[in-house]
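Structural features, examined
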Amino acid sequence: MPAENPPAVGNLDNDDYPAYTMGRAADILGTTPAFLRALGEAKLITPLRSEGGHRRYSRYQLRIAGRARELVGQGTPIEAACRIIILEDQLDEALRLNEEMREKLGGRGTDI
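Here is a short report on the structure shown in this document.

Turning our attention to helix H1 (residues 22-29). For H1, the full list of buried residues reads Met 22, Ala 25, Ala 26 and Leu 29. Taken around the axis of H1, the buried residues stretch over an arc of 100°, which confines them to a single face. Check the buried side of H1 and you find it contacts strand E1 (20-21), helix H2 (33-41), strand E3 (55-57) and helix H3 (59-73). Backbone geometry just after H1 places Gly 30 at a positive phi near 70°.

Structure, rendered in structure tokens:
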């Protein structure tokens, strides 16, 4: 299913706006399009598709891909790097939810 093409004006500040082509994203990250395709195959990032079927990446996706590139550059296999990033993201979310619950309980988190 092709991605909807919202007007570009005003969307460039949106971290989720798919502003970068695969070639441009690879250039920004200093990697290859094959690396980006591998991240997609590993289900770490899912680029949106233009009406012509071309992959388009957001700044948020580029940050995730950059973290993967960093881990792979340190010798971590790509599949392991993707799993690490997913687990880091899950941990961040769990910590955020934990903090929200503590605030709702008014600091009584240990009294339950």
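Looking now at the nonpolar core. Among the nonpolar cores identified, the biggest contains 19 residues, and Leu 36, Leu 39, Leu 44, Ile 45 and Tyr 57 are the most heavily contacted of them. Those elements that place two or more of their residues in this core are H1, H2, H3 and helix H4 (78-104). Looking at this core element by element, the count peaks at five residues for H3. Setting aside residues up to four positions removed in sequence, Leu 39 forms contacts with Leu 44, Ile 45, Ala 65, Ala 68, Ile 78 and Cys 82.

Rules behind the numbers
- Along each chain, the written sequence defines residue order, and numbers are assigned to residues from 1.
- Predicted model: local features are reported for residues with pLDDT of at least 70 only, side-chain atom pairs are reported and counted for 80 or more only, and whole-chain, interface and lining totals are derived from all residues.
- Processing note: side-chain calculations cover all non-hydrogen atoms of the structure and skip hydrogens and water entirely.
- Whether a residue is buried, partly exposed or exposed follows from its accessible area with a 1.4 Å probe, protein chains only, as a fraction of its type maximum: under 20%, in between, or over 50%, in that order.
- Helix numbering and strand numbering both begin at the N terminus, where a helix is a DSSP run of H or I of at least 4 residues and a strand a DSSP run of E of at least 2.
- As used here, the arc is the angular range of directions from the helix axis to the C-beta atoms.
- Whether two residues are in contact is decided by their heavy atoms: any pair within 4.5 Å suffices.
- What is meant by a nonpolar core is a set of buried Ala, Val, Leu, Ile, Met, Phe, Trp, Tyr and Cys residues, joined one to another through side-chain atoms within 4.5 Å.

Functional significance is not addressed by these values, which are geometric in nature.
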